[in-house]
Amino acid sequence: MAWDLHKRGLSAAVDLPRGKEPILLVTRPSGPLRVMALVLNGTWFFTWGRGRDQRVRALAGEAAERVWEVAR
């Protein structure tokens, strides 16, 4: 995901805090977008909030595109 976002011109880094879940930090003018991975009913998602419109299936072809749209 980070590499795909980088190809689209965004800066992204993986944060690996000790004792916590990894987070993808995407740099944007309004502040970093924090993207997390989680499993819901056996399916992996990338999420940047709590709503259904704030997540995308992790293996979906448009996953990086959705995060890119949100981060712009």
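Here the structure is shown first, and the text comes after it.
Residues numbered from 1 in each chain as written. Predicted model: local features only at pLDDT ≥ 70, side-chain atom pairs only at ≥ 80, totals over all residues. Heavy atoms only, no water.

What follows covers the nonpolar core. The biggest cluster of nonpolar side chains holds 15 residues, and the ones touching the most others in it are Leu 5, Val 26, Leu 33, Val 35 and Val 67. Top element by residues in this core is helix α2 (residues 63–71). It accounts for five residues. (Core = buried A, V, L, I, M, F, W, Y, C linked by side-chain atoms within 4.5 Å. Buried < 20%, exposed > 50% of the residue type's maximum accessible area, 1.4 Å probe, protein only. Helix = DSSP H or I, 4+ residues; strand = E, 2+ residues; numbered from the N terminus.)

Moving on to the pattern of salt bridges. The tally for this structure, following the rule as stated, stands at one salt bridge. When the shortest N-O distance is used, the salt bridge between Glu 65 and Arg 8 registers 3.2 Å. Here the residue Glu 65 occupies a position in helix α2, and Arg 8 occupies one in the loop between α1 (2–7) and β1 (12–15), the gap between them amounting to 57 residues. Taking the relative accessible area as the measure of exposure, Glu 65 reaches 28% and is therefore partly exposed. (Salt bridge = Lys/Arg side-chain N within 4 Å of Asp/Glu carboxyl O.)

So, about the sheet that holds strand β2 (residues 23–26). An order of β1-β2-β3-β4-β5 is seen for the five strands of this open sheet, with the pairing classed as antiparallel. Two strands bound the open sheet, and with one partner strand each, they are β1 and β5 (55–57). When strand polarity is set aside, the average angle formed by the axes of neighbouring strands in this sheet is 30°. Here β1 pairs with β2 via four bridges, running antiparallel. Within β2, the position partnered with Ala 13 by the bridge is Leu 25. (Pairing = 2+ DSSP bridges. Axes fitted to C-alpha atoms, helices over the stretch in contact; angles between N-to-C directions.)

As a further point, take the side chain of Thr 47. In this structure, Thr 47 sits in strand β4 (residues 43–47). A polar atom in the side chain of Thr 47 sits 2.6 Å from the backbone oxygen of Gly 49. In this structure Thr 47 touches Arg 34, Val 35, Met 36, Leu 38, Gln 54 and Arg 55, once residues within four positions along its chain are discounted. (Polar contact = N/O pair within 3.5 Å; in protein donor to acceptor, adjacent residues only side chain to side chain. Contact = heavy atoms within 4.5 Å.)

If a strand is regular, its side chains alternate between the two faces of the sheet. With five bridges connecting them, strand β3 (residues 33–40) and β4 associate as antiparallel partners. Bridge pairing in β4 places Met 36 opposite Thr 47.

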